Amino acid sequence: MDVVEVTEGRTRFFVSRQDPHLQFPPGSGQVFYNSRMEMNRDATVLLLSVLRPESYLDAMGASGVRGLRVAHEVGIPVTINDWNAKAVDLARQNVEALGLVAEVTHGDANVLMSGRTFDAVDLDPFGTPAPFVDSAARSAGNYLFVTATDTAPLCGAHLKAGMRRYFSRPRNTEYHAEVGLRTLMGFVVREVIKYDRGVEPLFCYAHEHFHRLHLRLRYGAAAADRALARIGYVMQCPNCLYRSEQTGMLPEPEECPLCSAALVPVGPLWTGGINDDATLAAMQEALPSVTAGTGARIGRLLATCRQELDTSSHYDYHVIAKRLRVSPGRIETVIERLVALGYRASRAHYSGTALKTDAPLPVLEKVVSGG
Ligand SMILES: C[S@@+](CC[C@H](N)C(=O)[O-])C[C@H]1O[C@@H](n2cnc3c(N)ncnc32)[C@H](O)[C@@H]1O
Ligand SMILES: [Zn+2]
């Protein structure tokens, strides 16, 4: 295999040479590697340096980069798995070159996870993680991490695929990144709670072409019931920009208070928090001592996530300004005005024009138009 050496964080490793002319899909070499996912990996290495689980499974390892970095930079026992023989050879070569004691296994991730437990399980598949979440829920001790790159089905742009994979009815709204992240989270929660286990989000975010969940799992039906209580819907008005949040397994019919149209349920999805503030604070503290090529970006992401409100939708204040035919101004000014009026308001981590607030839409419209 034609390989090239790459460095991420403090780890040097070999990857299969990728075709530089092929921008999409990424991973054109014999074994998958996508340099654009470095930030995703950096953030997980940072989080693991805080959590320090007893063992970590990189269930879909490819070159092994994720597991290699965790073993080398965090120093915890790691298992790297893939069902592709070439990937397993490359991962073994990388483990040896780094002088690590990491285990490399060759097989179907679902079979491995059905037979063994690991304190932390990480799913990083091509596209959807849906076929792997059930076995991961049985394999993971305290932590479950999930990447999804099938953003179009998750956000409602490919509706039927999203419904099949996640048994949810997403809609392609202006807050589609939020809907995608919460649809994925809602699905994972439903897969975990059936085993009388609870789920608590530690650090979950949407970024460019992927969604990433870092979750803590708890044992017991009471913990599972707490997670179940956060399943619900965004209720979107089909006529105007109004939307609200409902919790519950089934959506209750609701009228738009502004234009009386029947609100349309988006979900089921996860409502409530997507981050644990103490975990984010610990990550911020650890960041300077971790070597991360994307450290500055992660620092900005953590800061934005820490100030972000828990609401499961946002308003795009440019969309509001356009409808009102006014100039949108700066988002900081809009937030300051809302806070001065006694409302809560924040930015959202995945878009520069996303504004989260508990202010009613007419108040937000007044503030955006400078009133
Ligand atoms: C997106 S790549 C993983 C990328 C890698 N984690 C990284 O950070 O570069 C997905 C990998 O999953 C492997 N794979 C797909 N289905 C699998 C399965 N059912 N069991 C084990 N490996 C699988 C593929 O061979 C591929 O190497
Ligand atoms: Zn309405």
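What counts and how
Residues numbered from 1 in each chain as written. Chains lettered and ligands numbered in written order. Predicted model: local features only at pLDDT ≥ 70, side-chain atom pairs only at ≥ 80, totals over all residues. Heavy atoms only, no water. Donors = N, O, S within 2.8 Å, 3.2 Å for Na, K, Ca; no water. Tetrahedral: all angles 85-135°; square planar, octahedral: opposite > 155°, others 65-115°. Buried < 20%, exposed > 50% of the residue type's maximum accessible area, 1.4 Å probe, protein only. Domains from an automatic or database assignment. Contact = heavy atoms within 4.5 Å. Buried area = accessible area lost by both parts, 1.4 Å probe. Salt bridge = Lys/Arg side-chain N within 4 Å of Asp/Glu carboxyl O. Polar contact = N/O pair within 3.5 Å; in protein donor to acceptor, adjacent residues only side chain to side chain. Nonpolar A, V, L, I, M, F, W, Y, C, P; charged D, E, K, R; others polar. UniProt positions renumbered as here; feature names shortened; annotations may be inferred. Helix = DSSP H or I, 4+ residues; strand = E, 2+ residues; numbered from the N terminus. Pairing = 2+ DSSP bridges. Axes fitted to C-alpha atoms, helices over the stretch in contact; angles between N-to-C directions. Near = heavy atom within 4 Å. Areas by Shrake-Rupley, 256 points an atom, 1.4 Å probe, with all protein chains shown as cover. 1 Å grid on protein atoms, 1.4 Å probe; cavity = no way out; pocket = protein on both sides within 12 Å on 5 of 7 lines; lining within 4 Å. Points joined across faces, edges and corners; volume = space filled by probe spheres on them.

Brief notes about the coordination of the zinc ion (ligand 2)
(1) Moving on: Coordination sphere of the zinc ion (ligand 2), protein contribution only: Cys-237 (SG), Cys-240 (SG), Cys-256 (SG) and Cys-259 (SG), at 2.2 to 2.4 Å.
(2) Moving on: For the zinc ion (ligand 2), the four donor atoms are set out with angles of 95 to 127 degrees between them, so the coordination reads as tetrahedral.
(3) Moving on: All donor residues of the zinc ion (ligand 2) come from one chain, and their arrangement in sequence is C-x2-C-x15-C-x2-C.
(4) Moving on: Overall, Cys-256 belongs to the buried group, its relative accessible area being 2%.
(5) Moving on: Residue class for Cys-259 comes out partly exposed when judged on its relative accessible area of 31%.

A few points about the domain arrangement of the chain
(1) Moving on: The domain architecture assigned to the chain consists of domain 1 (3-307) and domain 2 (315-368).
(2) Moving on: In this structure, domain 1 and domain 2 have C-alpha centres spaced 29 Å apart.
(3) Moving on: Each partner contributes residues to the interface: domain 1 has 19 residues there, and domain 2 has 13 residues.
(4) Moving on: For domain 1, the biggest contributors to the area lost against domain 2 are Glu-178, Leu-241 and Gln-307; these three give 40% of the whole.
(5) Moving on: For the pair domain 1 and domain 2, the number of links is one salt bridge.
(6) Moving on: With its nearest N and O atoms 3.0 Å apart, the salt bridge here joins Glu-178 to Lys-356.
(7) Moving on: Counting every contact that joins domain 1 to domain 2 gives four residue pairs in polar contact (both at pLDDT 80 or more).
(8) Moving on: Here the residues of the side of domain 1 that touches domain 2 are counted per class, giving 12 nonpolar, three polar and four charged.

Examining the UniProt feature "binding site: Zn(2+)" in the chain
(1) Moving on: Annotation from UniProt places "binding site: Zn(2+)" at Cys-237, Cys-240, Cys-256 and Cys-259. Taken along the chain, the residues just named run across 23 residues; in space they keep tight, none of their C-alpha pairs more than 8.6 Å apart.
(2) Moving on: With respect to the secondary-structure elements, Cys-237 resides in the loop between strand E11 (231-236) and strand E12 (243-247).
(3) Moving on: Among the residues examined, Cys-237 registers a relative accessible area of 3% and is labelled buried.
(4) Moving on: One can find Cys-256 in the loop between E12 and strand E13 (264-270).
(5) Moving on: Other than its neighbours up to four places away in sequence, Cys-256 contacts Cys-237, Cys-240, Tyr-242, Ala-261 and Leu-263.

Let's talk about the sheet that holds E12
(1) Moving on: Spatial ordering of the open sheet is given by E12-E11-E13, a layout of three strands whose pairing is antiparallel. The two strands at the open ends of the sheet, each matched to only one other strand, are E12 and E13. The sheet shows a mean angle of 25 degrees between the axes of neighbouring strands, taken without regard to direction.
(2) Moving on: Bridge count for E11 against E13 is five bridges, and the pairing is antiparallel. For Val-234, the partnering residue across the bridge sits in E13 and is Val-266.
(3) Moving on: Sheet strands in contact with helix H8 (residues 176-193) are E11 and E13, and its direction is about 55 degrees off that of E13.

Looking at the environment of Arg-337
(1) Moving on: Locating Arg-337 in the fold gives a position in helix H13 (residues 331-340).
(2) Moving on: Beyond its immediate stretch of four places on either side in the chain, Arg-337 contacts Val-367 and Gly-370.
(3) Moving on: At a separation of 3.1 Å, a polar atom in the side chain of Arg-337 contacts the main-chain carbonyl oxygen of Val-367.

Thoughts on the site of ligand 1
(1) Moving on: Around ligand 1 sit 18 residues, and of these Arg-41, Met-60, Asp-82, Ala-109 and Asp-124 come closest.
(2) Moving on: In the environment of ligand 1, an oxygen atom lies 2.7 Å from a nitrogen or oxygen atom belonging to the side chain of Asp-82.
(3) Moving on: Computed on the free molecule, ligand 1 has an accessible area of 610 Å², of which 94% lies beneath the protein chains in the complex.
(4) Moving on: Elements that contribute at least two residues to the shell around ligand 1 include exactly helix H2 (65-74) and strand E4 (78-82).
(5) Moving on: Partitioned by chemical class, the residues of the shell around ligand 1 number nine nonpolar, four polar and five charged.

Details of the layout of surface pockets
(1) Moving on: By volume, the second largest pocket is sized at about 390 Å³.
(2) Moving on: Of all the secondary structure elements, the ones that give two or more residues to the lining of the second largest pocket are helix H6 (151-155), H8, strand E9 (205-207), strand E10 (210-219), helix H11 (295-307), strand E15 (345-348) and strand E16 (351-357).
(3) Moving on: Looking at the lining of the second largest pocket, the element that brings in the most residues is H11, giving four residues.
(4) Moving on: In terms of residue class, the lining of the second largest pocket is built from eight nonpolar, nine polar and six charged.
(5) Moving on: Summarising the domain contributions, the lining of the second largest pocket has at least three residues from each of domain 1 (3-307) and domain 2 (315-368).

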